[in-house]
Structures are given as structure tokens and as C-alpha cells.
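Per-entry structural report
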Amino acid sequence: MPKDRLSVVVTRRLPAEVETRLSELFDVRLREDDTAMTRNEIVEAMKSADVLVPTITDTVDAAMIGQSGDRLKLIANYGAGVDNIDVSTARQRGILVSNTPGVLTEDTADMTMGLILAVTRRLPEGLAAMQASRWDGWSPTAFLGGRIAGRRLGILGMGRIGRAVAKRAAAFGMQVHYHNRRRLRPEVEDELQATWWESLDQMIARMDVISVNCPHTPSTFHLMNARRLKLMKPDAVIVNTSRGEVIDENALTRMLRAGEIAGAGLDVYEHGREVNPRLRELQNVVLLPHMGSATRESRVEMGEKVIINIKTFNDGHLPPDQVVPSML
């Protein structure tokens, strides 16, 4: 094998076609099974490789980067979010960081609308009744949910995914509102039929559905805290397909149990896979196992982005999806 081929370590199993292409281009070390690497395994990988390909569930913090030695030059994250990586420390050590933006947009927006429908139309309850053979036939008052046409949707974060959600919601007849760090251009607002709120608090208090579509950064941690959750109308619902840390999960659980919020649809959780057990007990909550981008198409496209970033770096150029601290 030529010695000038980049050494690449991948922390999880990827789609077969992605692994095949990585093997053709680089000196790649792949996982034998789909278990997550331990912290020590990731550190050892960083010491022995030119490029690390972690996933969004792999923590690569400052202490780990500090042990990486001098060989590691690129962390090519398999995922759009990079809150699992200490980008500032990596940059200080001359290690580039890249991600895979853009390819998850449509699938995540689809899942957002799916959760809105599942919560408001009580789909899991109907499914559970059918699976348990508890359905006695049609009834005028059984499984009554709420119509989403005409409801106000408040989108928290109007990036790629937020805009895709807005387009879908408008097609369902919802009134689209949004809060964002920067207001969109008037022509974009017109295209999306979206109303901007400078005050997040004022928007939250008037919406029927809140959709969380912003990334997790220090400034968005618990952005939906107990105080803001209390601003929601009692008959409002909240869905989150972005990052779990944006919502205070304990506060949300308490309010759902008390009936202060009508329902929630969650695909992500504040503590990763450690879901608050009290959430699992609630009928007005729909819980999914981080499925927002789980399509064959998106997983392959994410891998293609990773390969392009590594190949471009190997050719002596900056990765097209390089992440720098100022972007966070």
C-alpha cells in the first residue's frame, strides 16, 4: 500500500458504499461492528491517524485533543452538528474540523412535520389501540385530536431545516412564524409566508406549535428553559428534531405531567440516549430514537461529504465544509 495515502480512522460503521469508497481512496481503519468507540479508543485513534471520522455521538473534547499528538490534522465529522467536538481547541492545535451540512435538511423537515401530526392527531395512541386489539369500531368522540390547518407554528431557528419546515407547514395550511438571530430578507419571508418575531418570549406565548430547529451552542443551551416553557399556551405542543440540550428536559417533563403543555414530540434528548423515564410514561408525548435524518439517501450523502472533505484536504486545499469557532 502506498505510504503517501492518508491514514483515516472511522469510529462507527457507515453505509457499505461509503466504506468501500473510503477504502479505495485512503488507508482506512473501519469498525468491525456498530458499537461506539470508548473514550480511550478515540484518543488512541487520534494518535495514530491523519484523519478521524467521528459521529455526532462521539465526544472529542479538549482533553482528548490535547492527547492526540502531532499526526492528526483533520477531524471530518460524520454529521452536521459539531457540538460533540471542541472546535476551538482543535484549531489551536492546528487541527481542521469539517462537517456534513445540507444533506439532512429535507429528511429532518419531513420528520418534524411527522412529529407535529403524530402529537396533534394522537397517532401513537391509535396505533397502540390497534396493536392491542382494543378498537371497537368508529366512534364520534374517539381519539379526537386537533386540526393543524390554521394553527400558528413558531419555528425556533430559521436555517436550512427551519426553512424547509416552514414550506411544509405552509402547504398544510399552518400560519408560519419564526424567531432567529437575524431576520430573513423580505423576499425570503414572502416566499416562506413567514412572520418574524424579534422577541422569542412574545412569539412563544402566541403559538399553537413550537418547532425547535436551532443548533446547540452555548447561547442556545436551555433556550427553552422553565420560564419560557411556562409562556406556552396550555393547549400548545412542542417538537424538537434539532438538539436535546436546547430544551430543559426536566422542566418540560414536569409541565407535561401537570397538563401545563398539551404535548411534545421529541427525536433528541438532553442527555443523549438517557431519556427521562417519566417522559416514557406520558400518552401526550411521542418519543423517537433520533430518526430525523435516518434515510438511506441522507446517510450515503453524509458519507460523500466526508469523503469530499478528506479528499480536498489531501489535495492541499481547505475542506469545503470546514468549521471554525466563529461559525458556532
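From a predicted model like this one, the values you see are computed outputs, not experimental measurements.

1. Let's talk about the side chain of Glu 249
Within the secondary structure layout, Glu 249 lies in helix 11 (residues 249–258). Of the buried charged residues, Glu 249 lacks a salt bridge, with Arg 278 as the closest side chain of opposite charge at 8.2 Å. Of the polar contacts made by the side chain of Glu 249, one reaches the backbone nitrogen of Asn 276; its length is 3.2 Å. When near neighbours in sequence (up to four residues on either side) are disregarded, Glu 249 contacts Tyr 269, Glu 270, Glu 274, Val 275, Asn 276 and Leu 279.

2. A word on a negative patch on the surface
Residues Glu 17, Glu 297, Glu 301 and Glu 304 make up a contiguous surface patch of negative charge. At three residues, the largest contribution of residues to the negative patch is made by helix 13 (residues 296–314). With respect to the helices and strands, Glu 297 occurs in helix 13.

3. Here we look at the nonpolar core
Within the largest apolar cluster, 29 residues are counted, with the highest numbers of intra-cluster contacts made by Met 224, Leu 229, Met 232, Ile 238, Ile 247, Leu 252 and Leu 256. Of all the secondary-structure elements, those providing two or more residues to this core are helix 9 (200–206), strand 9 (209–212), helix 11 and strand 11 (263–266). Broken down by element, the residue count for this core peaks at four residues, all from helix 11. In this view, Leu 256 contacts Ile 261, Ala 262, Gly 263, Ala 264, Leu 279, Leu 282, Asn 284 and Val 285; residues no more than four positions away in its chain are not counted. In terms of nonpolar packing, the next biggest core, distinct from the first, is built from 27 residues, Met 158, Val 188, Ala 194 and Val 209 among them.

4. Some words on a nonpolar patch on the surface
A contiguous nonpolar surface patch, about 540 Å² in accessible area, is contributed by Met 130, Trp 135, Trp 138 and Phe 143. Judged by its relative accessible area of 37%, Phe 143 falls in the partly exposed class.

5. Let's talk about empty space enclosed by the protein
Counted under the stated rule, the structure contains two cavities of 30 Å³ or more. Its volume calculated, the largest cavity comes out at about 50 Å³. If you go around the largest cavity, the residues you meet are Asn 240, Gly 244, Ile 247, Glu 249, Leu 252, Leu 266, Val 268, Tyr 269 and Glu 270. For the lining of the largest cavity, a count of residues per class yields five nonpolar, two polar and two charged. The computed volume of the second largest cavity comes to approximately 40 Å³. In this structure, the second largest cavity is lined by Val 87, Arg 91, Ile 95, Leu 96, Val 97, Gln 322 and Val 323.

6. Quick word on the layout of surface pockets
What the second largest pocket holds in volume is close to 220 Å³. Surrounding the second largest pocket, 17 residues form its lining, Val 119, Thr 120, Arg 122, Val 237 and Ala 262 being those nearest its centre. If you list the elements that add at least two residues to the lining of the second largest pocket, you get helix 5 (105–120) and helix 6 (123–131). No other element matches the three residues that helix 5 contributes to the lining of the second largest pocket.

7. Side note on the pairing of strand 9
Residues Val 209 and Ser 211 of strand 9 are buried on one face, and the alternating residues Ile 210 and Val 212, pointing to the opposite face, are buried as well. Relative to strand 9, strand 6 (residues 152–156) runs parallel, the two being bridged by four bridges. In the strand pairing of strand 9, Leu 153 is matched with Val 209. Note: strand 9 against strand 10 (residues 237–240), four bridges, orientation parallel.

8. Brief notes about the sheet that holds strand 7 (residues 175–179)
Within the open sheet, the seven strands sit side by side as 8-7-6-9-10-11-12. Their pairing is parallel. Lying at the two open borders of the sheet, with one neighbouring strand each, are strand 8 (194–196) and strand 12 (285–287). Going across the sheet, the axis of each strand differs from the next one's by a mean of 20°, ignoring polarity. In this fold helix 7 (residues 160–171) packs onto strand 6, strand 7 and strand 9, with an angle of close to 170° to the strand it touches most, strand 6.

9. A word on the packing of helix 5 against helix 7
It is the contact of helix 5 with helix 7, at a shortest axis distance of 8 Å, that shows an interaxial angle of 50°. On the basis of the axis angle, helix 5 is oblique to helix 7. Along this stretch, helix 5 crosses helix 7, giving a crossing that reads as right-handed. Seen from helix 5, the contacting residues are Thr 105, Glu 106, Thr 108, Ala 109, Asp 110, Thr 112 and Met 113; seen from helix 7, they are Arg 160, Ile 161, Ala 164, Val 165, Arg 168 and Ala 169.

What counts and what doesn't
Residues numbered from 1 in each chain as written. Predicted model: local features only at pLDDT ≥ 70, side-chain atom pairs only at ≥ 80, totals over all residues. Heavy atoms only, no water. Helix = DSSP H or I, 4+ residues; strand = E, 2+ residues; numbered from the N terminus. Buried < 20%, exposed > 50% of the residue type's maximum accessible area, 1.4 Å probe, protein only. Lys, Arg positive; Asp, Glu negative; His and termini not counted. Salt bridge = Lys/Arg side-chain N within 4 Å of Asp/Glu carboxyl O. Polar contact = N/O pair within 3.5 Å; in protein donor to acceptor, adjacent residues only side chain to side chain. Contact = heavy atoms within 4.5 Å. Patch = residues over 30% accessible without salt bridge, like charges linked within 9 Å, V, L, I, M, F, W, Y side chains within 5 Å. Areas by Shrake-Rupley, 256 points an atom, 1.4 Å probe, with all protein chains shown as cover. Charge placed at Lys NZ, Arg CZ, Asp CG, Glu CD. Core = buried A, V, L, I, M, F, W, Y, C linked by side-chain atoms within 4.5 Å. 1 Å grid on protein atoms, 1.4 Å probe; cavity = no way out; pocket = protein on both sides within 12 Å on 5 of 7 lines; lining within 4 Å. Points joined across faces, edges and corners; volume = space filled by probe spheres on them. Nonpolar A, V, L, I, M, F, W, Y, C, P; charged D, E, K, R; others polar. Pairing = 2+ DSSP bridges. Axes fitted to C-alpha atoms, helices over the stretch in contact; angles between N-to-C directions. Parallel < 35°, antiparallel > 145°, perpendicular 65-115°, else oblique. Left-handed = near helix turned anticlockwise from the far one by under 90°.

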